[in-house]
Amino acid sequence: MLRSIWILARKDLRLLGRDPMSLFFIAVFPVILGVAFGLMNEGFADEPEVAEAVLLVHDADASEVSRDFIAALDAQAAVAVKRVDSLDAGRQEVMKGRALGLFEIVPGFGESAGLVFAEKAPRVGLAIDPSRPAEGQLLRGAVMQGIGDLVARRSPLPGREGRALELVTIEAIALGHETADGAPVDRIRSGYDVSFPSAILWGVLGCIAGFAISIARERASGTFYRLSVAPQPRAAILLGKGLACALTAIAVVLFLTLIGCALGLELRSPFLFVLATLGIAWCFSGLMMALATISRSENAVAGAGWALNVTMSLIGGGMIPLAFMPAGMRTLSDFSPVKWGILALEGAIWRGFDLVDLLPALGVLILLGALGYLFGVRRLAAIDS
Amino acid sequence: MIRVQALRKSFGEVTAVAGLDLEVEEGEILGLLGPNGAGKSTTIGMMVGVVRPDSGSIDVGGLGPPSGPEARQLMGVAPQRLSLYEELSGIENLRFFARYQGVSPERLAERVAWALAFAGLEEKAGKRVRGYSGGMQRRLNLACAVIHEPRLLFLDEPTAGVDPQSRARLFDSIEELKATGVTIVYTTHHMEEAERLCDRVAIMDHGRILDLGRVADLIGRHGGASRVEARLAAAPPAAAVAPGPIEGDRLTFTSNRALEDLLALGQAGWQLADFKVTQPNLETVFMELTGRRLRD
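Let me begin by describing the structure that accompanies this report. Throughout this description, residue numbers start from 1 for each chain and increase along the sequence as written. Lettering of chains starts at A and numbering of ligands starts at 1, both following the order in which they are written. Thresholds applied to this predicted model are a pLDDT of at least 70 for local features of residues and 80 or more for the giving and counting of side-chain atom pairs; totals over whole chains, interfaces and linings are not thresholded and use all residues. By convention in this description, side-chain values take in all heavy atoms of the structure and omit both hydrogens and water.

Considerations on the overall build of chain B
Right, so step 1: A run of H or I in DSSP counts as a helix once it spans at least four residues, and a run of E counts as a strand once it spans at least two, with each numbered from the N terminus. When helices and strands are counted, chain B shows 10 helices and 13 strands.
Right, so step 2: When we talk radius of gyration, it's over C-alpha atoms, and the globule rule is simply 2.2 Å times the number of residues to the 0.38. On C-alpha atoms alone, chain B measures out to a radius of gyration of 24 Å, which is more than a quarter above the 19 Å that the 2.2 N^0.38 rule sets for 296 residues.
Right, so step 3: Once the C-alpha set of chain B is aligned to its principal axes, its extents read approximately 85 × 45 × 35 Å.
Right, so step 4: Per-residue accessibility, obtained with a 1.4 Å probe over protein chains only, is compared with the maximum for each type, and a residue is labelled buried under 20%, exposed over 50%, and partly exposed between these values. Looking at chain B as a whole, 49% of its 296 residues qualify as buried.
Right, so step 5: Throughout, a residue-residue contact means that at least one pair of heavy atoms, one from each residue, lies within 4.5 Å. Counted over contacts in chain B with a minimum sequence separation of 6, partners at least 24 positions apart contribute 68%.
Right, so step 6: Method for areas: the Shrake-Rupley scheme with a 1.4 Å probe, in which residue coverage is limited to the protein chains shown. Surface accessibility of chain B: about 13900 Å² in total, with carbon and sulfur atoms responsible for 48%.

Structure follows, in structure tokens:
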């Protein structure tokens, strides 16, 4: 049986090699994704270039204090201040996505702002683009920092006149590791360290979609019938596809990792990387088997493949980083093999996992793969009877 | 070579095969004829072991049911759909199916060379199947079915959609296989193919075999009389009794002894310009047994 599985797998690999569109989606498209997301992730690199958030300011107070406050805001690295003549104009700009927020300085601001013992606290208004709540929090922080500076200037503590109010000094803690020659590596070396695990999983998802549909296609073309009559176990047909899919997945992981390395990705543990790659290949080839036998119809398998891939990727962090998801979604992501695949690769690439750290992710991948293989083989027997 | 007893198969409420008995002798070609929906494909599916029967038994070459690996080793199938990998070349398809069917590495090159010659595809062996003509694909489809030297071959509409040259080549190939002792179960809608190739013919409908036998015997049992059409050179003799209706100068009648009746007409003074005798054939038998009602 092993020989027949290998014969089938070799045939499928040869067919894949002659299908340029499939190759594009398995190998080239994920590279494009990886590079694009890697460029977006420049913030992880050593010398980040942070895009400034545009804050619109409507100064209805027009006092010297408000002008100083606006200048202090503008001096902050994360904020670019732009004045607007009216609140309505500011609202329009924010709604159209041209600015992150709108800040209104209400008349009377200059009378009390920065005075610790003033009768009434100064009033300001703030609106944030509803689609960017996380960045909105940064903006609130910037406003508070500006107010703190005003307090330092207008209500100085004895002996600290003229010095900015600094309640705490935040220093960066290096999350990195040491290289073989002992030199410290403080951060993720490249944005590609973060973007390529997701891109690799996209490539693997392309793999399973392509192989899953090939069984339905063999049914339609009649080759499945011919193979079924051969003196080989029926399961060999499916296992042959599984082997071809697993080998392709391994090739995709290696190929994309090589591309990533060429761009600056750093592989911290080759041994764990090999384990992660094998776990991913096993898991996703098993899922391919389940998907392939879900229906006899090519269209149904294609539709199911698309739905499964998008869902797995969406909840697993392949589209939106898990960090940006609400708590409920993050719990749900535990059910997506994409999450565990990405985590296993990240563990080997930049998270500095040891074998024990990797085991949970590896265990989930092995379990899901085994369930997929089991379902596929049983379903294949049922579907034709 | 293959014996089928009391075979039944239903799909939901539809009975596809309703208690079928059939025995195919070693070395013969058995034609399986029937209208669409008669149950031929399901019967073949059960005979090759890809459809599980509800009841009944099948024995292949004394080796038991067709699901067993030894029985499968004896069988080859050329499905009606061209079951080939279009992105592989002809030689790659042959090598793949040969290996998968269990041809040993030592014999692989020899068998592939034989199959290419058998299909007349030596010059196109390295071209992708996608670029083959319909006839070339059909010939390759047959070659892939016999690459492992099966003793029992199932051919499902093996000449569908091919030109006369390729059809003649396929006939020659099938006769070549028969000469080597291969047993063949042949399904077709072309009556002349069955008449030419098959030793016996089974006519199926509604999941049952309506009759089975040599073509001549079937015609004798169900074909009825010959049809005679004659053109009169002159008016019929006075007081002569016509054997059938006359329309203008055309006389038509049916007869089991057409030539004797024509001679008798001449002796009775009938002057015939020409005549045509249409003998019953397998198509007549088929229509007689299965009716003229259109099937889905």
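Notes on the environment of Glu218 of chain A
Right, so step 1: Along the chain, Glu218 of chain A turns up in helix 7 (residues 191-221).
Right, so step 2: Using a relative accessible area of 5% as the deciding quantity, one classes Glu218 of chain A as buried.
Right, so step 3: Spatially, the C-alpha atoms of Glu218 of chain A and Arg296 of chain A are 10.0 Å apart, while their sequence positions differ by 78 residues.
Right, so step 4: Those residues in contact with Glu218 of chain A, other than ones at most four positions away along the chain, are Lys11, Asp12, Thr223, Phe224, Leu227 and Lys241 of chain A together with Tyr85 of chain B.
Right, so step 5: Here the side chain of Glu218 of chain A touches Lys241 of chain A through a polar contact of 2.8 Å, side chain to side chain. Each polar contact in these results corresponds to two N or O atoms within 3.5 Å; when the atoms are within protein, one needs to be able to donate a hydrogen and the other to accept it, and residues that are neighboring in sequence are counted only if both atoms are side-chain atoms.

Observations regarding helix 13 (residues 337-351) of chain A
Residues and elements named next belong to chain A.
Right, so step 1: How far a helix is expected to stretch is found by multiplying one less than its residue total by 1.5 Å. The end-to-end C-alpha distance of helix 13, which contains 15 residues, comes to just 18 Å, noticeably less than the 21 Å that a straight helix rising 1.5 Å per residue would cover.
Right, so step 2: Maximal helix bending in helix 13 amounts to about 25°, located at Leu345.
Right, so step 3: Most of helix 13 is tucked away: 13 of the 15 residues are buried. To get the bend at a residue, fit one axis to the 7 residues ending there and another to the 7 starting there, then take the angle between the axes.

Some remarks on empty space enclosed by the protein
Right, so step 1: Any residue with an atom within 4 Å of a point lines the site, the site being either a cavity, points on a 1 Å grid over the protein atoms alone where a 1.4 Å probe fits but cannot get out, or a pocket, an open set with protein on both sides within 12 Å along at least 5 of 7 lines. Grid points are joined across faces, edges and corners, and a volume is the space filled by probe spheres set on the points. Scanning the model with the defined rule gives 2 cavities of 30 Å³ or more in all.
Right, so step 2: Looking at the largest cavity, its volume works out to about 120 Å³.
Right, so step 3: Ile7, Arg10, Lys11 and Arg14 of chain A together with Leu88, Glu92, Arg95, Phe96 and Arg99 of chain B are the residues that line the largest cavity.
Right, so step 4: Sorting the residues of the lining of the largest cavity by element identifies helix 1 (2-17) of chain A together with helix 3 (90-100) of chain B as the ones contributing at least two each.
Right, so step 5: Broken down by class, the residue content of the lining of the largest cavity amounts to 3 nonpolar, no polar and 6 charged.
Right, so step 6: Looking at the second largest cavity, its volume works out to about 40 Å³.
Right, so step 7: Tallied by class, residues from the lining of the second largest cavity come to 4 nonpolar, 3 polar and 1 charged. Basically, the charged four are Asp, Glu, Lys and Arg, the nonpolar ten are Ala, Val, Leu, Ile, Met, Phe, Trp, Tyr, Cys and Pro, and anything else, Gly included, counts as polar.

Some points on a nonpolar patch on the surface
Right, so step 1: A surface patch of nonpolar side chains, amounting to about 450 Å² of accessible area, comprises Met21, Phe25, Val28, Phe29 and Ile32 of chain A.
Right, so step 2: Along the chain, the position of Ile32 of chain A falls in helix 2 (residues 20-40). Patches in this entry comprise residues that are over 30% relatively accessible and not in a salt bridge; like charges within 9 Å are linked, as are nonpolar side chains (Val, Leu, Ile, Met, Phe, Trp, Tyr) within 5 Å. A side-chain nitrogen of Lys or Arg and a carboxyl oxygen of Asp or Glu constitute a salt bridge if their distance falls within 4 Å.

Here's the deal with the sheet that holds strand 4 (residues 55-60) of chain B
All names here are of chain B.
Right, so step 1: Strands pair, by our definition, only if DSSP identifies at least two bridges between them. Read from one edge of the open sheet, 3 strands run 2-1-4, paired in antiparallel fashion. The open sheet has two free edges, formed respectively by strand 2 (14-24) and strand 4, since each of these has just one partner strand. When strand polarity is set aside, the average angle formed by the axes of neighbouring strands in this sheet is 20°.
Right, so step 2: Relative to strand 2, strand 1 (residues 2-11) runs antiparallel, the two being bridged by 8 bridges. Axis definition: a line fitted to C-alpha atoms, over the contacting stretch in the case of helices. Angles run 0 to 180 degrees between N-to-C directions.

Remarks on the packing of aromatic side chains
Right, so step 1: Ring pairs are drawn from Phe, Tyr and Trp, using the six-membered ring of Trp, whenever the two centres fall within 6.5 Å, and their geometry is named by plane angle: stacked under 30 degrees, edge-to-face over 60, tilted for the rest. This structure, assessed with the given rule, holds 8 aromatic pairs over all chains.
Right, so step 2: Judged by centre distance (5.5 Å) and plane angle (80°), the ring pair of Tyr85 of chain B and Phe96 of chain B falls under edge-to-face. With Tyr85 of chain B in the loop between strand 5 (75-78) and helix 3 and Phe96 of chain B in helix 3, this pair connects stretches of sequence that are 11 residues apart.
Right, so step 3: Given the relative accessible area of 5%, Tyr85 of chain B is considered buried.
Right, so step 4: Ring centres of Phe96 of chain B and Tyr100 of chain B lie 6.0 Å apart, and the angle between their planes is 15°; this geometry places the pair in the stacked category. On the criterion of helical spacing, the pair formed by Phe96 of chain B and Tyr100 of chain B is a turn pair, its members being 4 residues apart in helix 3.
Right, so step 5: Of the residues examined, Phe96 of chain B reaches a relative accessible area of 4% and is grouped as buried.
Right, so step 6: It is Arg226 of chain A that lies over the ring of Phe97 of chain B; its NZ or CZ is 5.0 Å from the centre. Placement of a positive charge over a ring is assigned whenever Lys NZ or Arg CZ falls within 6 Å of the ring centre and within 35 degrees of the normal to the ring plane.

Some points on the layout of surface pockets
All names here are of chain A.
Right, so step 1: Here the largest pocket is characterised by a volume of approximately 1100 Å³.
Right, so step 2: Asp19, Ser22, Gly210, Ile213 and Arg217 are the residues nearest the centre of the largest pocket, which is lined by 40 residues in total.
Right, so step 3: Considering each element in turn, the lining of the largest pocket owes the most residues, 13 residues, to helix 7.
Right, so step 4: In terms of residue class, the lining of the largest pocket is built from 22 nonpolar, 9 polar and 9 charged.

Details of the interface of chain A and chain B
Right, so step 1: Between chain A and chain B, the residue contacts involve 30 residues of the former and 34 residues of the latter.
Right, so step 2: Buried surface at the junction of chain A and chain B, both sides included, amounts to about 2800 Å², of which 57% is carbon and sulfur.
Right, so step 3: At the boundary of chain A with chain B, the tally comes to 2 salt bridges.
Right, so step 4: Salt-bridge contacts for Arg18 of chain A lead to Glu92 of chain B; the nearest nitrogen and oxygen are separated by 2.6 Å.
Right, so step 5: At the junction of chain A and chain B, the tally comes to 12 residue pairs in polar contact (both at pLDDT 80 or more).
Right, so step 6: Looking at the side of chain A that touches chain B residue by residue, the class counts come to 13 nonpolar, 7 polar and 10 charged. Note: buried area is the sum, over both parts, of the accessible area (probe 1.4 Å) each one loses when the two are combined.

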